[in-house]
There are 2 protein chains.
Amino acid sequence: MSSPAVSSRDLPHPARDEIRLEGVLHALSDPMRLRIVRELAGARGELSCSDFELPVTKSTTTHHFRVLRESGVIRQVYRGTAKMNGLRRDELDELFPGLMGALLDAAARQAVRWRD
Amino acid sequence: MSSPAVSSRDLPHPARDEIRLEGVLHALSDPMRLRIVRELAGARGELSCSDFELPVTKSTTTHHFRVLRESGVIRQVYRGTAKMNGLRRDELDELFPGLMGALLDAAARQAVRWRD
DNA sequence: GCCGTACTACGATGCCTATCGTACGAGTCG
DNA sequence: CGACTCGTACGATAGGCATCGTAGTACGGC
């Protein structure tokens, strides 16, 4: 009625200053989640949950996206029936300069070395 | 009798090229272990396990050091009755350039912001 | 108003792990 | 040798978590 309201439901995110390094590292220490983040970083713009083809069920996918959101790594917003995901790259760069870059680079190097 | 033998017992370490990013991140996602690594990075040279004053029992301390060693973050070697610990900084820098620097910097920033 | 799609909620399961306490092994020093 | 220190091993415990399946909710289009 009044608010910008791209959608109605919104999801709890930690504020930038509440993001904990340990939480970020824990989130990224799971292969499935690291893969999601790599894909998200590679894509420009947002991706819906179903744009990912992960070798796990949908419930599990939902779980991983929630962990990423609650740790502050990604931002999720509903757009119609789809849930769009985006890396919180700018905020993370303010909080931990160079960290995401180094992490993504490390993941890319490992992917080359292990072909995964 | 013949070998350089700084000590007798030696401990299993992953080779540099076997170190997995996920393992490193998992190791560092525990507050106690992150603390150990920060202290180790700050000290020049090696530190024995008992140089750390951690709010956990000795068994638990042993456990954390083992996780760090097995993930490839630290190198441990016996020197008499003491077990000396050192960051595998050079190898990690070869494998994941800039990663440890960014991680240590991020941890330091967080420590300032949260006084921990 | 109904249907299909996208995602969630909840419960179950099995594994991993952080922690502790106690008992033990390896070295060093007297 | 004997005592002491440093660290390990092992078992127990409690909580966390990655995974699944099924049932359900929200939204958009017809």
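Conventions and cut-offs
Residues numbered from 1 in each chain as written. Chains lettered and ligands numbered in written order. Predicted model: local features only at pLDDT ≥ 70, side-chain atom pairs only at ≥ 80, totals over all residues. Heavy atoms only, no water. pLDDT = per-residue confidence, 0-100. Contact = heavy atoms within 4.5 Å. Salt bridge = Lys/Arg side-chain N within 4 Å of Asp/Glu carboxyl O. Buried < 20%, exposed > 50% of the residue type's maximum accessible area, 1.4 Å probe, protein only. Helix = DSSP H or I, 4+ residues; strand = E, 2+ residues; numbered from the N terminus.

In the nomenclature of an unreviewed UniProt entry, chain A is known as DNA-binding transcriptional ArsR family regulator of Streptomyces paradoxus.

### Side note on the confidence of the model for chain A
On average, residues of chain A carry a pLDDT of 92, and 93% of them reach 70 or more. Here residues 1–6 of chain A scores under 50 on pLDDT; set against residues more than four positions off or in separate chains, the count is two contacts.

### Digging into the pattern of salt bridges
For side chains bearing opposite charge, pairing can occur when the charged atoms are close. One pass over the structure, following the stated rule, counts 16 salt bridges over all chains. Residues Asp17 of chain A and Arg16 of chain A are paired through a salt bridge, measuring 2.8 Å at the closest nitrogen-oxygen approach. Since its relative accessible area comes to 37%, Asp17 of chain A is described here as partly exposed. The closest approach of N and O atoms between Glu94 of chain B and Arg16 of chain B, which form a salt bridge, is 2.5 Å. Highlighted residues: Glu94 of chain B in helix α4 (residues 89–95) and Arg16 of chain B in the segment before α1 (21–28), separated in sequence by 78 residues. For Glu94 of chain B, a relative accessible area of 49% corresponds to the partly exposed category. Residue Arg16 of chain B is classed as partly exposed on the basis of its relative accessible area, which comes to 29%. Counted as one network, the salt bridges with shared partners bring together Arg16, Asp17 and Glu94 of chain A.

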